[in-house]
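Topology and contacts: notes
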Amino acid sequence: MAGGNERSMKALKEVWRRAENSFCADCGKPDPDWASSTLGVFICLSCSGIHRNIPSISKVKSLKMDHWDDAQVQFLAKHGNAVTKATYEAHIPIYYYQPTYNDCQVLREQWIRAKYERKEFTEPGKQLPYSDGVKEGILWKRGRDNGQFLPRKFLLSEREGCLKYFTKQDAKEPKINVKIDVINATFQPVKIGNPNGLQLTYLKDNKTRNIFVYHESGKEVVDWFNAIRSVQFHYLKVAFPIASDNEIKNRLTRNFLKEGYMEKTGPKQREAFKKRWFTLDHRRLMYFKDPLDAFAKGEVFVGSRENGYSVQKGLPSGTQGNFSWHYGLTIVTPDREYLFTCETETDQLDWIAAFTGVINQAMTPQEYAIEAYFKFKS
């Protein structure tokens, strides 16, 4: 820390060392080294950049490089993360997604703006744009065949328990009508090529269908995301009346465990390996020719270790199929082995870690039913 007298520097270090201030107030990243001199919170470098974009609310300074005078240090000491959170996060709806440092920019920015700029969580029972049980508006949707993004009307209804979209503004019948309990929503800015890109995934005849959308407004697309979570939460509260709020919260939208390219071969294990885009959505491993395909070319069920599933580094000896990537892994199931290759050792180890995490978890009754469907289909 440059400048400032010794007393202020010592006092600042003492406040900074408090346990409550050892994680970013907004995304939870450890060891934040920035702070807001107007809000009194300790934040990480990434979140400080978002704060800097709302200067009417927050003035940020480096804890290491900037000078802090006595009054500013006393303000930090009086507030800090715990006190400030008690004010700005007092009434967060149970379904509202609170992003971490691993989440994308639009989620983190809208979370920060919702707290400090719009003060959405300071009062109980406040009417929020994603809490009405119904949401209607335009999202830009990627065409399944031509890949063009075109404006489409979407309608989310808690009363009907579904999400619909219409190809025309005045259309009476929707193009799709999806039950809310089979929908997942996850932000995909890199894959979609838009900072506000959102992937909507749902099950149709037990097959996964993807829809890719975005909105020019970051607030609007995050409101859609939390509106979906809100409707799902209230739907599941009725469907599972004895489940706790936290149990239901854990069943709302989820991020994919891992995505990326691998090569795969066919069931005879003599075919040439082909490059495919893979998505691991808990126990569903889906593969696509292109990351933005609407439907998977195939799916593999990944069960638990106690049911005969495992992941092994490398390929079986004598593997005959031609492959260009040399970091192999094998998924062993009760029925067959699935062979994959990765471009780098880091990719190989990351995929093995992701599969291991799934395989080490016990299966739920619903997952046994999904496993039975996969076996029947094959």
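Please read all numbers here as calculations on a predicted model, not as lab measurements.

This paragraph deals with the UniProt feature "domain: PH" (unreviewed entry) in the protein chain. The positions UniProt marks with the feature "domain: PH" (unreviewed entry) are residues 132-233 and 255-360. With 14% helix and 38% strand, residues 255-360 has end C-alpha atoms that lie 19 Å from one another.

As far as domains go, the protein chain holds domain 1 (1-117), domain 2 (134-250) and domain 3 (258-376). Every contact between the two is made by 13 residues of domain 2 and, on the other side, 13 residues of domain 3. Of the roughly 1,300 Å² buried where domain 2 meets domain 3, counting both sides, 49% is carbon and sulfur surface. The largest contributions to the domain 2 side of the interface with domain 3 come from Lys191, Asn206 and Thr208, which together make up 44% of the buried area. With its nearest N and O atoms 2.7 Å apart, the salt bridge here joins glutamate 259 to lysine 191. Breaking the side of domain 2 that touches domain 3 down by element, the ones donating at least two residues are α6 (189-192) and β10 (207-214).

The subject of this paragraph is the pairing of strand β8 (residues 183-187). The buried count for β8 comes to 5 of 5 residues, which makes it a mostly enclosed element. Of the two faces of β8, both are covered, the one formed by Ile183, Ala185 and Phe187 as well as the one formed by Asn184 and Thr186. One ladder, built from 5 bridges, connects β8 with strand β9 (residues 198-204); its direction is antiparallel. Considered in β9, the bridge of threonine 186 is made with glutamine 199.

Read from one edge to the other, the open sheet built from 7 strands follows the order β14-β13-β12-β11-β17-β16-β15, with strand pairing classed as antiparallel. The sheet is open, and its two borders are formed by β14 (298-301) and β15 (310-313), each paired with just one other strand. Between one strand axis and the next, the sheet turns through 35° on average, direction left out of account. By the bridge criterion, 4 bridges tie β15 to strand β16 (residues 327-332) in an arrangement that is antiparallel. Across the sheet, serine 310 pairs through a bridge with valine 332, a residue of β16.

To continue, consider the nonpolar core. Counting 55 residues, the largest nonpolar core has Ile43, Phe154, Leu156, Phe187, Leu198 and Leu200 as its most contacted members. The residues that make up this core include at least three from each of domain 1 (1-117) and domain 2 (134-250). Beyond its immediate sequence surroundings of up to four residues, leucine 156 is in contact with Gly133, Val134, Lys135, Cys162, Leu163, Ile180, Trp224, Ala227, Ile228 and Val231. By size, the runner-up hydrophobic cluster in this structure holds 23 residues, among which are Val302, Tyr309, Val311 and Phe374.

What counts and what doesn't
Residues numbered from 1 in each chain as written. Predicted model: local features only at pLDDT ≥ 70, side-chain atom pairs only at ≥ 80, totals over all residues. Heavy atoms only, no water. UniProt positions renumbered as here; feature names shortened; annotations may be inferred. Helix = DSSP H or I, 4+ residues; strand = E, 2+ residues; numbered from the N terminus. Domains from an automatic or database assignment. Contact = heavy atoms within 4.5 Å. Buried area = accessible area lost by both parts, 1.4 Å probe. Salt bridge = Lys/Arg side-chain N within 4 Å of Asp/Glu carboxyl O. Buried < 20%, exposed > 50% of the residue type's maximum accessible area, 1.4 Å probe, protein only. Pairing = 2+ DSSP bridges. Axes fitted to C-alpha atoms, helices over the stretch in contact; angles between N-to-C directions. Core = buried A, V, L, I, M, F, W, Y, C linked by side-chain atoms within 4.5 Å.

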